[in-house]
Amino acid sequence: MPPDNPLALYIHWPFCVSKCPYCDFNSHVRAGVDQAAWRAALLADLAHEAAVLPDRRLTSIFFGGGTPSLMPPETVAALLAAAEQHWGFTPGIEITLEANPSSVEAACFADLAAAGVNRVSLGLQALEDEALHFLGRAHDVKEGLAALEIAQSVFPRVSFDLIYARPAQPLAAWEAELRRAIAFGTEHLSLYQLTIEPGTRFATEAAAGRLTIPDGDTAADLFEATRAITAAAGLPAYEISNHARPGAESRHNLAYWRYQTYAGVGPGSHGRRGGLATVRHKKPENWMGAVARNGHGIQSEEPLDPATQASEALLMGLRLRQGVDLARIARLAGADVAEIVDERAIARLPDLIRREGGRLRVTEEGMLLLDAILPEVVRDRVTA
């Protein structure tokens, strides 16, 4: 496999102990899960994806959810063994699993590491008990930090998530919480502003006037402080919400943001392969039924025209501090750079977005306004 043609694999485990009020991910609460049946179905879905995407080697695997730390370690081991048999692993492959920081799940960390997981992403979400209660989390700070300690002793690489811009959260309180988080010494932090997503319990609360998140100016102050503090601590932002020590970036997520080929397996998972956008059935029972009928859980495979591929690559890549290689985007589109981006709009916004040689990148100041900048500079339609 050429070194510029990597393959990333995403495996979705859709089940959670409870549904968090802010979460719009494909997660479901079920009274019981037939573990043997789920293992067999995931292995079948994986085998199908390998059959239609042969002659590749995996550079990263990511178990997401839901709560994949609820998966039996033997299921994780079986999926990793199958993935290696189907595709093969590149040396130093990154294998990440998302985990809740509960004592029950932390007790399985050693077994998950023995199965082959070498990077864990912990959903700590906050370092204040009151905030964790507000966010609907089942753990408290003490339990979460105990799980973090176990993770750091077991896995070579550890990341954790925090949610900020919570209702009435003072800037000074967030700065103190963030500095405490950094002091634990993890190599990677994912720091997300709280947003109200449609269909969530928080959306219902906000619509009823019972929940208000910080306004734009306050959120901007929190965002800027976050980037300044992490940069000063040696964990600069390499993507709009992700911070890492140099060399510790999530290689799997970089595959998405760099618009590389990735396979998606499990309920609701997405993939990009051979100019196709693949989508699996979202509801667990529907996905299981599709696997039983067809040997895979695919709901749709839609061809992506060059214009769409170029637009997706731009929209994903401009989230990165390094920006995008415009020549590569032009090759995807089969078009000139001028047909892909609006050069005049870029010239009008020199403090927010810059073309530097063959690369286009959003500035530090521009990241705060990324959602407003993208429609201005990315052309709606690329004509080949």
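Scroll up a little and you will see the structure.
These lines cover the structure that appears in this document, whether it is placed above or below. (Residues numbered from 1 in each chain as written. Predicted model: local features only at pLDDT ≥ 70, side-chain atom pairs only at ≥ 80, totals over all residues. Heavy atoms only, no water.)

### Description of the overall build of the protein
Piece 1. Within the protein, the regular secondary structure consists of 16 helices and 15 strands.
Piece 2. Relative to the 2.2 N^0.38 estimate, which gives 21 Å for 384 residues, the radius of gyration of the protein is 21 Å and therefore close to what a compact globule would have.
Piece 3. A principal-axis box enclosing the C-alpha atoms of the protein has dimensions of 55 × 50 × 45 Å.
Piece 4. Taking the intrachain contacts of the protein between residues at least 6 apart in sequence as the baseline, contacts between residues at least 24 apart amount to 70%.
Piece 5. Averaging the locations of the 36 positively and 47 negatively charged side chains of the protein gives two centres separated by 3 Å. (Helix = DSSP H or I, 4+ residues; strand = E, 2+ residues; numbered from the N terminus. Rg over C-alpha atoms; globule rule 2.2 N^0.38 Å. Contact = heavy atoms within 4.5 Å. Lys, Arg positive; Asp, Glu negative; His and termini not counted. Charge placed at Lys NZ, Arg CZ, Asp CG, Glu CD.)

### Notes on helix α9 (residues 216-232)
Piece 1. Taking 1.5 Å per residue as the helical rise, α9 with its 17 residues ought to reach 24 Å, and the 24 Å between its terminal C-alpha atoms agrees with that figure.
Piece 2. Every buried residue of α9 is listed here: A219, A220, L222, F223, A225, T226, R227, I229 and T230.
Piece 3. Buried residues belonging to α9 abut β5 (157-164), α7 (171-183), β6 (188-193), β7 (237-239), β8 (242-244) and α15 (364-367). (Expected span 1.5 Å × (residues − 1). Buried < 20%, exposed > 50% of the residue type's maximum accessible area, 1.4 Å probe, protein only.)

### Some words on the sheet that holds strand β14 (residues 353-356)
Piece 1. Read from one edge to the other, the open sheet built from three strands follows the order β13-β15-β14, with strand pairing classed as antiparallel. This sheet does not close on itself; its edge strands, each paired only once, are β13 (324-325) and β14.
Piece 2. Here two bridges tie β13 to strand β15 (residues 359-362), and the two strands are oriented antiparallel to one another. Residue V324 lies in a different strand from β15, and its bridge partner there is L360. (Pairing = 2+ DSSP bridges.)

### As for the packing of aromatic side chains
Piece 1. Within the structure shown, the criterion is met by ten aromatic pairs.
Piece 2. Ring centres 4.8 Å apart and planes at 25° place the aromatic pair F134 and F202 in the stacked group. One end of the pair, F134, is in helix α5 (residues 129-134); the other, F202, is in helix α8 (residues 201-207), and 68 residues separate them in sequence.
Piece 3. Taken together, the ring pairs in this structure connect W13, F15, W38 and W287 into an aromatic cluster. (Phe/Tyr/Trp six-rings, centres within 6.5 Å; stacked < 30°, edge-to-face > 60°.)

### Here's the deal with the pairing of β14
Piece 1. Pairing of β14 with β15, which is carried by four bridges, proceeds in the antiparallel orientation. Across the sheet, the residue bridging to R354 is R361, located in β15.
Piece 2. Linkage of β14 to β15, two consecutive antiparallel strands, is achieved through a turn of two residues, within which G357 is found at a positive phi near 65°.

### Some points on the pattern of salt bridges
Piece 1. Counted according to the given criterion, the structure contains 16 salt bridges.
Piece 2. Connected through salt bridges with shared partners, the residues D45, E49, R273, R280 and E301 form a single ionic network. (Salt bridge = Lys/Arg side-chain N within 4 Å of Asp/Glu carboxyl O.)

### A look at the packing of helix α1 (residues 35-52) against helix α11 (residues 284-294)
Piece 1. Between α1 and α11, the least distance of the axes is 10 Å, while the angle of their chain directions is 60°. Taken together, α1 and α11 sit at an angle that is classed as oblique. The two elements α1 and α11 cross, and the hand of that crossing is left-handed. Contacts from A37, W38, A41, L42, A44 and D45 in α1 reach P284, W287, M288 and V291 in α11.
Piece 2. Here the contact of α1 with α11 is built from residues that sort into nine nonpolar, no polar and one charged. (Axes fitted to C-alpha atoms, helices over the stretch in contact; angles between N-to-C directions. Parallel < 35°, antiparallel > 145°, perpendicular 65-115°, else oblique. Left-handed = near helix turned anticlockwise from the far one by under 90°. Nonpolar A, V, L, I, M, F, W, Y, C, P; charged D, E, K, R; others polar.)

### Notes on a negative patch on the surface
Piece 1. Taken together, the side chains of D215, D217, D221, E224, D351 and E365 define an acidic patch exposed on the protein surface.
Piece 2. Inspection of the secondary structure assignment puts D351 in the loop between α14 (343-348) and β14.
Piece 3. Residue classification places D351 among the exposed residues on the basis of a relative accessible area of 53%. (Patch = residues over 30% accessible without salt bridge, like charges linked within 9 Å, V, L, I, M, F, W, Y side chains within 5 Å. Areas by Shrake-Rupley, 256 points an atom, 1.4 Å probe, with all protein chains shown as cover.)

### What about the pairing of strand β11 (residues 276-280)?
Piece 1. Sheet topology places strand β10 (residues 270-273) next to β11; four bridges connect them, and they run antiparallel. Paired with R272 across the strands is A277, a residue of β11.
Piece 2. The loop that links β10 with its antiparallel partner β11 comprises two residues; one of these, G274, has a positive phi angle of about 55°.
Piece 3. In the sheet, β11 pairs with strand β12 (residues 298-303) via five bridges, with the strands oriented antiparallel. Its bridge partner lying in β12, V279 is registered against S300.

### As for unusual backbone geometry
Piece 1. Cis geometry is found at the peptide bond from G65 to G66, where omega equals 25°.
Piece 2. Mapped onto the fold, G66 is located in the loop between β2 (58-65) and α2 (73-86).
Piece 3. Look at Q125: it is not a glycine, yet its phi comes out positive at around 75°.
Piece 4. Relative to the assigned elements, Q125 resides in strand β4 (residues 119-125).
Piece 5. Accessibility expressed as a relative area gives 8% for Q125, which makes it buried.
Piece 6. Notably, A168 is not glycine yet its phi reads approximately 60°, a positive angle.
Piece 7. Inspection of the secondary structure assignment puts A168 in the loop between β5 and α7.

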